[in-house]
Amino acid sequence: MLGWIVALIAVAVATSSAVRTYQARREAYGASARAELNERQAKAAEARTLALTEEIRQLARRRIPAAATALSHRTAPVPGLREAAGIDGEAARLLGEAVQAARTAVLEERGRVDAAARSAMRGTSAKIQSLLNQSQHLLHELQHEYDDPRILQLDFRNELALRRTQATAVLCDAWPGLARQNSSLVEIVLGAQSRVPGYERIKVANHLRQERLALVARAAEPLAIALAELLANATAYSHPDTEVPVAVQQTAGRGALIMVDDAGIGMDDDALERARTLLSGPSEVLLTELGDPPRTGFAVVGRLIARYGFSCHIESSPYGGMRTMLRIPAHLLTVMDDDRTLSVLAPKPVHARGTGAPEPSGPQDPAATTGPVVPSPAEPVAPTSAESAGRAPAAEAEAPPAELPTRRRRARRTDSPEPSTTRPQTVEEPTLRTPEQAGAAWAALQEGTLSGRKAPGPPAQAPPAASPSDDLGDDET
């Protein structure tokens, strides 16, 4: 009996020992698994922390600067997350919000800086414009007193500076600074031509059905500014030996169209898209987006388009460069009164055949065709008057004697056995003039130029051509 009891006790002790051993081993295995899990979790947390640190570093060094650059250069790439798999959804969302917040802050600050710059430039432009107008008035007085062509060259450079200042003021949302009355459309074109370096290359062809077609007073000076910018762009980006044809015509919708062609270097797709964006009249153009040095030509035209209702389209020209078409709606057009005298420098209209207009005597002008006249790519359209605007001697040859003073030449005949076949040689003999006579001649010569800048008269004579070495500083776009 005692043996059974001892055996049972031994079995119980062995069983208890085995259970304790098993539990100890199980606890040790669990502790090891927990330690390994904790280690893996610690490594994963460390990796996530490292990835998030790298993303924050990239956010500060690359993503935010790239996002700010993309505000001015739309094609600039903006990098995303480096390791999207290592960043949880909430962290990725917060990083994206940080980029957007930085973009918003940059835009707001740029807007404030640009507004302050516009305000400062607007005030400065007004003062400079006032001083240039005073200089212009003084130069006109000197032209009436002294017979010196250099004064006219100074007046032309003053006009260039005045146009640049006026364009800057318009870009800063200022008033153009000059009031006009209803003005002839062709004379406005001639006035814009006289504000541009290389004006002698511009050939104006008048294809209007109504010779006295004019712009209403509020749109006259804005159109002259816009057209001067387009002409400056055409002359600046084309070879000095090429012409810049300008065609003025009426459209089927009772509006008018001014078409400017050049044989320049053209534009690539990005530049053309940028130009069309500016010419569409955007609500706002930042000064910081115009480059260094700033190219303001198309931006100025766009501001005037948005404010006064013009429209402008640019495309490739058959001459090899670019063609800009400035459209004027019918509500901005009127007809000049019959008592208003048009400029003798304005080219006469080229009437199309079959329209009931009287045909010109002599050989028919090859530019006269039925329908709207478009410049041919093979040959530029030539003005129908003796010369284009700004070529005063030829214009004086066709001008009525009562309009402009003409120089008289005394011809000296030479002895020749065949007077019928030999042309007499003309020698201009200098004549002495009194100061009063010189003043009267300059007054008559400048009458058109004065009226081209002030309402309501036409421009009379473009300034003298600058020498090839002169740098007039007119780079447009």
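See above for the structure.
The structure presented is a predicted model; accordingly, all values stated were derived computationally and were not measured.

Break down the overall build of the chain for me, citing the residues and quoting the values.
The helix and strand inventory of the chain stands at ten helices and eight strands. Put simply, the chain has 477 residues, and 39% of those count as buried. Partitioning the intrachain contacts of the chain with sequence separation of at least 6 by distance along the chain shows that 75% fall at a separation of at least 24.

Can you explain a negative patch on the surface? Please cite residues and give values.
A cluster of acidic residues, Asp 268, Asp 269, Asp 270 and Glu 273, forms a negative patch at the surface. Classification of Glu 273 as exposed rests on a relative accessible area of 53%.

Before we move on, could you go through the packing of helix 3 (residues 149-171) against helix 5 (residues 217-236) and cite the residues and values that matter?
Orientation of helix 3 relative to helix 5, taken along the N-to-C sense of each, is 110 degrees, at an axis distance of 11 Å. On the basis of the axis angle, helix 3 is roughly perpendicular to helix 5. Crossing of helix 3 over helix 5 shows left-handed handedness. Note on element contacts: helix 5 touches helix 3 through Glu 221, Ile 225, Ala 228, Glu 229 and Ala 232, opposite Arg 163, Gln 166, Ala 167 and Val 170. Looking at the contact of helix 3 with helix 5, its residues break down into five nonpolar, one polar and three charged.

Help me get a handle on the packing of aromatic side chains, residues and values and all.
This structure, assessed with the given rule, holds one aromatic pair. The interplanar angle of 75 degrees and the centroid separation of 5.5 Å between the aromatic rings of Phe 156 and Tyr 199 together place this pair among those described as edge-to-face. Of this pair, Phe 156 sits in helix 3 while Tyr 199 sits in the loop between helix 4 (185-193) and strand 2 (202-207); the two residues are 43 residues apart in sequence, bridging distant segments of the chain.

Just give me the short version of the sheet that holds strand 3 (residues 213-215), but keep the residues and values in it.
Across the sheet, which stays open at both edges, the three strands sit in the order 1-3-8 with antiparallel pairing between neighbours. Looking at strand neighbours, the two that pair on one side only are strand 1 (183-184) and strand 8 (333-335), the edges of this open sheet. Across two bridges, strand 1 lies against strand 3 in antiparallel orientation. Within strand 3, the residue paired with Ser 183 across the bridge is Leu 215.

What counts, and where the lines are drawn
- Residues numbered from 1 in each chain as written.
- Predicted model: local features only at pLDDT ≥ 70, side-chain atom pairs only at ≥ 80, totals over all residues.
- Heavy atoms only, no water.
- Helix = DSSP H or I, 4+ residues; strand = E, 2+ residues; numbered from the N terminus.
- Buried < 20%, exposed > 50% of the residue type's maximum accessible area, 1.4 Å probe, protein only.
- Contact = heavy atoms within 4.5 Å.
- Patch = residues over 30% accessible without salt bridge, like charges linked within 9 Å, V, L, I, M, F, W, Y side chains within 5 Å.
- Areas by Shrake-Rupley, 256 points an atom, 1.4 Å probe, with all protein chains shown as cover.
- Salt bridge = Lys/Arg side-chain N within 4 Å of Asp/Glu carboxyl O.
- Lys, Arg positive; Asp, Glu negative; His and termini not counted.
- Charge placed at Lys NZ, Arg CZ, Asp CG, Glu CD.
- Axes fitted to C-alpha atoms, helices over the stretch in contact; angles between N-to-C directions.
- Parallel < 35°, antiparallel > 145°, perpendicular 65-115°, else oblique.
- Left-handed = near helix turned anticlockwise from the far one by under 90°.
- Nonpolar A, V, L, I, M, F, W, Y, C, P; charged D, E, K, R; others polar.
- Phe/Tyr/Trp six-rings, centres within 6.5 Å; stacked < 30°, edge-to-face > 60°.
- Pairing = 2+ DSSP bridges.

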